[in-house]
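# A closer look at the structure
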Amino acid sequence: MRRGILFPVAVFVLCSPSLTSAQVREIVLDGETFRKTADGRRLAELAHGTRVIVQRTDGSWVEVRIEGWVPSGTIAETTREGHNGIITTQGGERLRVEPEGPAMGLLLEGFLVDRVEDRDGWSRVRRSGWVREAALTAVSTSLGPAENQGERRPSLVAPGRELTAGEAALVLHAAPEGRAAVTVETGTPVTVLERRSGWTRVRVEGWARSERLVIADRDSVVAGVSAAALRASPDDYARVRLRWTVQFLALEEAEPERIDFYEGEPFLLARAPDPGDGLIYVAVPEELLEAAKELRPLQIIDILVQVRTGRSALMGVPVLDLLALF
């Protein structure tokens, strides 16, 4: 792997027991994005149940701090972006709840931290960033005095909430305003995944007879979608899967101003499948990076992707997550 590339980090953090309940919140949606600023550049992904320390709020965004311990020898001094430490271990270093304690996450090489304490060869580090208010809930097991009981909770349909179908049968649609796909009986548990323009995407779990199931991979990939359509209606195509034939141009790393990417994330610069559709960006996960390095400029490739955004903040072009390279 090339040095200097920083991939998304799934971080599980336990906070100091001295903190009051009003300061501690939990992530309720697995994979919630941890950003450098409110709605800004991506830094990491926080897993469901991650405990964070709330610092301040700004509208629908909350600045939080993650904290833990790493071996002192894995951190070098730096002055980049106002931080005083940078992880130097190739392949990353485990973030632990206490020295010699259980591993709670992984900080990859190049991750900037604030080094706040050294103890017997270990250093306590922290990093601040922003998450959505809707992705946070209070820590229910440590509520303090009565004044903390009124702490604001996520709205009814905040992502990660466990709900049930209401008094009437619940009709699930393939997309907002799309065809009816299935009817869920009253009282059936559902999990909220996301909200969009008055609609809520939910997940329903249950059991079915094995002989009644068939492979539905084709049905999970949307056909006939152009890059122009993604740009025109970015919200409608969020997280949609596509299989495209594109022309590879170059493998690049995201600069700081590309806020739709993670810090230093590698991506393919490619031409969209339809004439006149222009360029697309395809974010490359770690497991597909070696295959991406073998691509030749102007090579025609088939890709399976998931839409991250139909219109990027900087250039207004689609940003896709690479799932498979054929």
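Further up the page is the structure itself.
Reference entry: report on the structure contained in this document.

### Focus: the overall build of the chain
Across its full length, the chain holds two helices and 23 strands. Here the contacts in the chain between residues at least 6 apart in sequence split such that 58% fall between residues at least 24 apart.

### Some words on the sheet that holds strand β19 (residues 241-253)
Read around the closed barrel, the five strands follow the order β19-β20-β21-β23-β22; overall the barrel is mixed. On average, adjacent strands in this sheet sit at an angle of 55° to one another, irrespective of strand direction. The sheet contact formed by strand β20 (residues 266-271) and strand β21 (residues 279-283) spans five bridges and is antiparallel. The partner of phenylalanine 267 across the bridge, within β21, is alanine 283.

### Quick word on the nonpolar core
Core analysis: the largest hydrophobic core is formed by 24 residues, its most contacted members being Leu242, Trp244, Leu268, Ile280, Val282, Ile303 and Leu320. Mapped by element, the contributors of at least two residues to this core are α1 (227-232), β19, β20, β21, α2 (289-293), β22 (300-309) and β23 (319-325). Aside from chain neighbours lying at most four places away, what touches valine 282 is Pro266, Phe267, Leu268, Ile303, Val305, Leu320 and Leu322. Formed by eleven residues, the second largest nonpolar core is a distinct cluster that contains Leu43, Ala44, Val62 and Ile66.

### Notes on the pattern of salt bridges
Counted under the stated rule, the structure contains 15 salt bridges. When the shortest N-O distance is used, the salt bridge between arginine 124 and glutamate 67 registers 2.6 Å. With arginine 124 in strand β12 (residues 122-132) and glutamate 67 in strand β6 (residues 61-71), this pair connects stretches of sequence that are 57 residues apart. According to the relative accessible area criterion, arginine 124 is buried, its value standing at 18%. Look at glutamate 67 and you get buried, because its relative accessible area is 14%. Taking the shortest distance from any N to any O, the salt bridge between glutamate 117 and arginine 124 comes out at 2.9 Å. When its relative accessible area of 26% is taken as the criterion, glutamate 117 is described as partly exposed.

Reading the values: rules and limits
- Residues numbered from 1 in each chain as written.
- Predicted model: local features only at pLDDT ≥ 70, side-chain atom pairs only at ≥ 80, totals over all residues.
- Heavy atoms only, no water.
- Helix = DSSP H or I, 4+ residues; strand = E, 2+ residues; numbered from the N terminus.
- Contact = heavy atoms within 4.5 Å.
- Pairing = 2+ DSSP bridges.
- Axes fitted to C-alpha atoms, helices over the stretch in contact; angles between N-to-C directions.
- Core = buried A, V, L, I, M, F, W, Y, C linked by side-chain atoms within 4.5 Å.
- Buried < 20%, exposed > 50% of the residue type's maximum accessible area, 1.4 Å probe, protein only.
- Salt bridge = Lys/Arg side-chain N within 4 Å of Asp/Glu carboxyl O.

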